[in-house]
Amino acid sequence: MQLLPKKGILLVNLGTPDAPTPSSVSRYLKTFLSDSRVVDLPKILWQPLLRGIILPIRSPKVAKLYQSIWLEGGSPLYVYTKAQAEALSKKLPDHEIAFAFCYSEPTVNMAMDKLLSAGVEDILILPLYPQYSCSTSAAVFDAVARSLQKRRAIPSLRFIRDYATFEPYIDALVTCIKNHTSEHGIPDKLLFSLHGIPVRFANQGDDYPLRCQATTAAVNAKLVNELVWKEDIVQLTYQSKFGKEPWLVPATDATVESLAKSGIKHLQIICPGFSSDCLETLEEISIGIKESFIEHGGEKFSYIPALNASDNHIEMLEKLIYQHF
Ligand SMILES: C=CC1=C(C)c2cc3[nH]c(cc4nc(cc5[nH]c(cc1n2)c(C)c5CCC(=O)O)C(CCC(=O)O)=C4C)c(C)c3C=C
Ligand SMILES: [Fe+2]
Ligand SMILES: [Fe+2]
């Protein structure tokens, strides 16, 4: 009888500082923004700018923002990603589960060591980005390849490129929105705010905008179909612009401002591209965008939390894993 190879699952997310301090944030941003998948300027131009200007100016400012959302167990992104891995371990006791980050610890290489030393021979790589982008999912792919580059024995590998329209993911978002609206009411407008990318990446072949549109359309179709609402109150926007070049539009911040000015009183925002709450949802949206909405004439605002380590999310991830194993 041939024994089945031991299976492992590697959850990978972006990365986050290990403390809300300027030095820790600077270390994290330096690794993150030195990846050519994220910023693809020539190194000879970009590195002096990054080290000489961007890190010294941005790190203390961003450290303050992290302080406003820091949890007892660390950065929210770290806390939720770890909790997702722990919950999946309980659900899948026959599988070895590890989690890692592209730009902080535990690194992909550390997690690979853990899985391989546990005797895993077949690994499913699950980037926790529902919508593919070259700046995220492909960066996970690179980190995995780098980690295996110097090893003599490499495992079988499967890679989840994206799950933007995976039905259980769409259902998990629908449930989340329905639960929220039953408590807070149906808003005048519901924004699906996804992290932006430079327009140039999309022009060069990154299908991220199409994947974001696909998620938004699939969720809205179900909500309309289930008669949660009749009108088209859903709109897709892009947040967290970084740098000077054009990013995907419409931008969340400008849209919120103009909605408030045009008389929208009740606004809700969901960020379906973030599998865990993090700086970009908890600070930028839930604090910053809320303030802007109220300041420009809005009255009622709520942020619909990410799926995080909810049962809803863990069951969805379990189905995703089964689909690929
Ligand atoms: C050129 C810069 C950036 C691109 C491209 C980009 C794409 C991208 N990012 C996420 C998810 C997250 N980004 C987060 C923080 C963050 N992102 C950038 C820049 C780019 N992101 C920066 C500089 C930062 C750090 C904060 C800041 O300085 O403003 C986070 C949060 C991390 C945390 O610790 O909480 C996430 C998550 C996606 C999904 C994406 C492309 C689709
Ligand atoms: Fe980002
Ligand atoms: Fe941001």
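Just so you know, these numbers come straight off a predicted model, no measurement behind them.

A. Quick look at the packing of helix α1 (residues 22-33) against helix α2 (residues 43-67). Between α1 and α2, the least distance of the axes is 8 Å, while the angle of their chain directions is 125°. As far as their axial angle goes, α2 and α1 are oblique. Here the hand of the crossing between α1 and α2 comes out right-handed. Residue-level contacts link Pro-22, Val-25, Ser-26, Leu-29, Lys-30 and Leu-33 of α1 to Leu-50, Leu-55, Arg-58, Ser-59, Pro-60, Val-62, Ala-63 and Tyr-66 of α2. Among the residues forming the contact of α1 with α2, the class breakdown is 10 nonpolar, 2 polar and 2 charged.

B. Up close: the nonpolar core. The biggest cluster of nonpolar side chains holds 88 residues, and the ones touching the most others in it are Leu-10, Val-12, Cys-102, Ile-125, Leu-126 and Ile-269. Looking at this core, you find at least three residues from each of domain 1 (7-163 + 313-324) and domain 2 (167-304). If sequence neighbours within four positions are ignored, Ile-269 has contacts with Leu-191, Ser-193, Ile-285, Ile-289, Tyr-303 and Ile-304.

C. Structural detail: the UniProt feature "binding site: Fe(2+)" (unreviewed entry) in the protein. In the numbering adopted here, UniProt assigns the feature "binding site: Fe(2+)" (unreviewed entry) to His-195 and Glu-280. On the basis of their most widely separated C-alpha atoms, the annotated residues across 86 residues gather in one place, lying no more than 8.2 Å apart. Take His-195: it is sitting in strand β5 (residues 189-195). Contact partners of His-195, with chain neighbours within four places excluded, come to Gln-239, Ser-240, Gly-273 and Glu-280. Within the secondary structure, Glu-280 is located in helix α10 (residues 279-295).

D. Quick look at the site of ligand 1. The immediate surroundings of ligand 1 are formed by 24 residues, with Thr-16, Ser-133, His-195, Cys-278 and Leu-279 found nearest. Sorting the residues of the shell around ligand 1 by element identifies α2 and α10 as the ones contributing at least two each. Class assignment of the residues belonging to the shell around ligand 1 gives a composition of 13 nonpolar, 9 polar and 2 charged. A domain-level breakdown of the shell around ligand 1 finds at least three residues from each of domain 1 (7-163 + 313-324) and domain 2 (167-304).

E. Examining the domain arrangement of the protein more closely. According to the domain assignment, the protein consists of domain 1 (7-163 + 313-324) and domain 2 (167-304). Every contact between the two is made by 23 residues of domain 1 and, on the other side, 22 residues of domain 2. In terms of residue count, helix α3 (residues 76-91) provides more of the side of domain 1 that touches domain 2 than any other element does, 4 residues in total. The residue inventory of the side of domain 1 that touches domain 2, partitioned by class, reads 13 nonpolar, 8 polar and 2 charged.

F. Representation of the sheet that holds strand β2 (residues 96-101). Spatially, β2-β1-β3-β4 is the arrangement adopted by the 4 strands of the open sheet, whose pairing is parallel. The open sheet has two edge strands with one neighbour each: β2 and β4 (156-159). Taking each pair of neighbouring strands and ignoring which way they run, the sheet shows an average axis angle of 20°. Summarising the sheet, strand β1 (residues 7-13) and β2 pair through 6 bridges and their orientation is parallel. From the neighbouring strand, Val-12 faces β2, where its bridge partner is Ala-100. Contacts from α3 reach β1 and β2, with the element oriented near 170° to β2.

G. Focus on the environment of Lys-178. Tracing the sequence through the fold places Lys-178 in helix α6 (residues 167-184). Once the C-alpha coordinates of Lys-178 and Pro-5 are considered, the two residues, 173 residues apart in sequence, prove to be 41 Å apart.

H. Spotlight on the sheet that holds β5. In space, the 4 strands of this open sheet follow the order β6-β5-β7-β8, with parallel pairing throughout. Whereas interior strands pair on both sides, the edge strands pair on one side only; in this sheet they are β6 (234-239) and β8 (300-304). Pairwise comparison of adjacent strand axes, ignoring direction, gives a mean angle of 25° for this sheet. With 6 bridges connecting them, β5 and β6 associate as parallel partners. Across the sheet, Phe-192 pairs through a bridge with Leu-236, a residue of β6. On top of the sheet, α6 reaches β7 (266-270) and β8; it is set at about 150° to β8, its chief contact. Most of the contacts of helix α8 (residues 208-225) go to β6, to which it runs at about 150°, and overall it touches β5 and β6.

Cut-offs applied
Residues numbered from 1 in each chain as written. Chains lettered and ligands numbered in written order. Predicted model: local features only at pLDDT ≥ 70, side-chain atom pairs only at ≥ 80, totals over all residues. Axes fitted to C-alpha atoms, helices over the stretch in contact; angles between N-to-C directions. Helix = DSSP H or I, 4+ residues; strand = E, 2+ residues; numbered from the N terminus. Parallel < 35°, antiparallel > 145°, perpendicular 65-115°, else oblique. Left-handed = near helix turned anticlockwise from the far one by under 90°. Contact = placed C-beta atoms within 7 Å. Nonpolar A, V, L, I, M, F, W, Y, C, P; charged D, E, K, R; others polar. Core = buried A, V, L, I, M, F, W, Y, C linked by C-beta atoms within 7 Å. Buried ≥ 20, exposed ≤ 12 C-beta atoms within 10 Å, placed from the backbone. Domains from an automatic or database assignment. UniProt positions renumbered as here; feature names shortened; annotations may be inferred. Near = placed C-beta within 6 Å. Pairing = 2+ DSSP bridges.

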